[in-house]
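Reading the structure
Next come the chains, spelled out residue by residue.
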Amino acid sequence: MDYNLTDEQKDLVAVARGIAEENMKPVRRQYDREGTYPWDIVRLLADAGLFGVYIPKEYGGRGMGVFELVLVVEELSRVDAGIALCLAGTALGAYPILLGGNDEQKEKYLTPLAKGEKVAAFALTEHEAGSNPIAMTTSAVKDGDSYIVNGAKCFITNGGDADIYTLMAVTNKQKGARGISAFVVEKDTPGFDFGKKENKLGIRASSTRELVFDDCRLPKENLLAREGMGLILTLRTFDATRPGVAAQALGIATGALEEAIAFTTSHPAGGESLASSQGIQHKLADMATEVEASRALLYATARMVDSGKTRSTKESAMSKLYCSDIAMRVASDAVGLFGERGCLNDYPVEKMMRDAKITQIYEGTNQIQRNEIALALIKEMAAGSSR
Ligand SMILES: Cc1cc2nc3c(=O)[nH]c(=O)nc-3n(C[C@H](O)[C@H](O)[C@H](O)COP(=O)(O)OP(=O)(O)OC[C@H]3O[C@@H](n4cnc5c(N)ncnc54)[C@H](O)[C@@H]3O)c2cc1C
């Protein structure tokens, strides 16, 4: 389908595809096996200017938007969604600064992120506060011109490898959702350390770690926006970054579909290829239709986010939900089409299936996306608004 990409957007896709094919494909199995952070690929993506696509030009970025971020993440994830997360996870860490930071904070933190000199992370989840962030207990207590942070975060993408962390912490427990504030924490701040690195099912090239805060003193200049704005910044961040998770899922689905077509058209079966069977053809047709429907929804959503005309909470949730469910189905179908080979790590589809599962879970599980979509529908109905 033609999505009317500009020449600049086509160039961006070509650059991302070049790195994915030439540099990521040969090493993806090794990264999946070893679970190490892909610093060599980070350098290549940085040199190609891909870390800065969504960051304004005044802070060293390319001044594009969520749509271009989606295009890049999709292309990289077509080959390896775990490696792609070094860039997408950095965008998740950068967006609260982009949306809530003052000029000084943006200059200080976004400039090195735009150049890919530093990597970022976003820290919301705790062991007892995943789907319900209001239950978080990590606290930031005002003490003169600083805040003292105590507590722990878990499952933090880029944790330990990132230099810049956007942290959500309770500044006023009595205020509930309005008592959570956002801070920037730099690696090597005294009192800030790392706990367990998780050994994951998929996206294994991406590090996922615990963050531990023990009387960690942050200057008040590290507060983003105002006290109590943490959850609002989080929700606005997710509007912009859930399309990024959807793009990761779309990339996985596209990669799995391509592998399935290549395999079934070349694998012999009864003197012909597997793909000469109409049953197989129908499966491929369904997979391709679902992938294209995902792309159409996601691209429309990303363009809506960039237009800035209205909040895109419902559409961003729909994109994340639909693209990740389709990625899981298409990757699983691809494993099935490979037959017994589908279960072997000699072929890329089993890894794609493992990677796809995680896109249904993070940045809000798909149950939470459904909750948000339904809430938006009910609000729209109450407000009498129509499509
Ligand atoms: C690989 C990976 C990377 C991650 N990266 C980050 C990161 O960078 N930063 C960060 O802050 N977090 C990160 N997370 C955490 C992730 O966002 C959470 O795991 C996710 O939000 C779910 O929270 P939970 O695991 O506590 O599940 P729970 O909230 O305990 O949910 C358990 C189950 O109950 C369901 N459930 C819970 N509440 C409801 C409800 N109200 N309605 C319907 N169903 C419900 C959920 O859908 C789920 O199926 C990451 C997670 C993973 C796996």
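1. Here we look at the packing of helix 7 (residues 230-266) against helix 8 (residues 278-307)
Two elements in contact, helix 7 and helix 8, have axes separated by 10 Å at closest approach and are oriented at 155°. The orientation of helix 7 relative to helix 8 falls into the category roughly antiparallel. In the packing of helix 7 onto helix 8, the handedness of the crossing is left-handed. Across the interface between the two elements, D239, A240, P243, A246, A247, L250, A253, T254, L257, A260, I261 and T264 of helix 7 pack against I280, L284, M287, A288, V291, S294, R295, L298, T301, A302 and V305 of helix 8. For the contact of helix 7 with helix 8, the class distribution of residues is 17 nonpolar, four polar and two charged.

2. Section: the domain arrangement of the chain
By convention, interface size is frequently given as the accessible area that disappears when the constituent parts associate. According to the domain assignment, the chain consists of domain 1 (7-119), domain 2 (121-228) and domain 3 (231-383). Inter-centroid distance (C-alpha atoms) of domain 1 to domain 2 is 22 Å. Contact with domain 1, which involves 24 residues of that partner, is made by 21 residues of domain 2. Within the residue set of the side of domain 1 that touches domain 2, elements represented by two or more residues are helix 2 (28-34), helix 5 (81-100) and helix 6 (103-114). With 12 residues, the top contributor of residues to the side of domain 1 that touches domain 2 is helix 5. Its residues placed into classes, the side of domain 1 that touches domain 2 shows 13 nonpolar, eight polar and three charged.

3. Observations concerning the nonpolar core
L87, F183, A253, A327, A331 and A334 are the most contacted members of the largest nonpolar core, which totals 117 residues. For this core, the element with the highest residue contribution is helix 7, accounting for 14 residues. Other than its neighbours up to four places away in sequence, A331 contacts I252, A253, A256, V349, M352, M353 and A356.

4. A short note on helix 1 (residues 7-24)
Here helix 1 contains 18 residues, and its C-alpha end-to-end distance of 24 Å stays within 8% of the 26 Å for a straight helix at 1.5 Å per residue. Every buried residue belonging to helix 1 is among L12, A16, I19, A20 and M24, and all of these are buried. Projection of helix 1 onto a plane perpendicular to its axis shows the buried side chains occupying an angular sector of 100°, all on one side. Opposite the buried face of helix 1, by more than 90 degrees, sit the exposed residues D7, K10, D11, A14 and E22.

5. Quick look at unusual backbone geometry
Unusually for a residue other than glycine, A225 sits at a positive phi of about 55°. Structurally, A225 can be placed in the loop between strand 8 (223-224) and helix 7. With 17 C-beta atoms counted inside 10 Å, the residue A225 sits in the partly exposed group. Located in the positive-phi region is E363, a residue other than glycine, with phi close to 55°. Positionally, E363 belongs in the loop between helix 10 (349-359) and helix 11 (366-383).

6. A word on the environment of L167
As for its position among the elements, L167 is in strand 4 (residues 164-170). Sequence separation between L167 and K153 is 14 residues, and the spatial gap between their C-alpha atoms is 8.8 Å. Sequence-distant contacts of L167, that is, excluding residues within four places in its chain, are made with A123, F183 and V185.

7. Points about the site of the ligand
Near the ligand you find 23 residues, and of these L124, G130, S131, T157 and T365 are the closest. The set of elements that each furnish at least two residues to the shell around the ligand consists of strand 1 (120-123), strand 3 (146-157) and helix 11. Classifying every residue of the shell around the ligand gives 11 nonpolar, 10 polar and two charged. The residue makeup of the shell around the ligand includes at least three contributed by each of domain 2 (121-228) and domain 3 (231-383).

8. Let's talk about the pairing of strand 2 (residues 139-143)
Two strands pair when backbone bridges link them, and strand 2 and strand 3 are joined in this way by five bridges, in the antiparallel orientation. Residue pairing in the sheet places S139 in a bridge with N150 of strand 3. In sequence, strand 2 turns back onto strand 3 through a hairpin of two residues, with G144 there showing a positive phi of about 65°.

9. A closer look at the pairing of strand 1
Burial along strand 1 is two-sided: A120 and F122 facing one way and A121 and A123 facing the other are all buried. Here strand 1 pairs with strand 4 via four bridges, running parallel. Bridge pairing in strand 4 places A120 opposite I164.

Thresholds applied
- Residues numbered from 1 in each chain as written.
- Predicted model: local features only at pLDDT ≥ 70, side-chain atom pairs only at ≥ 80, totals over all residues.
- Axes fitted to C-alpha atoms, helices over the stretch in contact; angles between N-to-C directions.
- Helix = DSSP H or I, 4+ residues; strand = E, 2+ residues; numbered from the N terminus.
- Parallel < 35°, antiparallel > 145°, perpendicular 65-115°, else oblique.
- Left-handed = near helix turned anticlockwise from the far one by under 90°.
- Contact = placed C-beta atoms within 7 Å.
- Nonpolar A, V, L, I, M, F, W, Y, C, P; charged D, E, K, R; others polar.
- Domains from an automatic or database assignment.
- Core = buried A, V, L, I, M, F, W, Y, C linked by C-beta atoms within 7 Å.
- Buried ≥ 20, exposed ≤ 12 C-beta atoms within 10 Å, placed from the backbone.
- Expected span 1.5 Å × (residues − 1).
- Arc of directions from axis to C-beta.
- Near = placed C-beta within 6 Å.
- Pairing = 2+ DSSP bridges.

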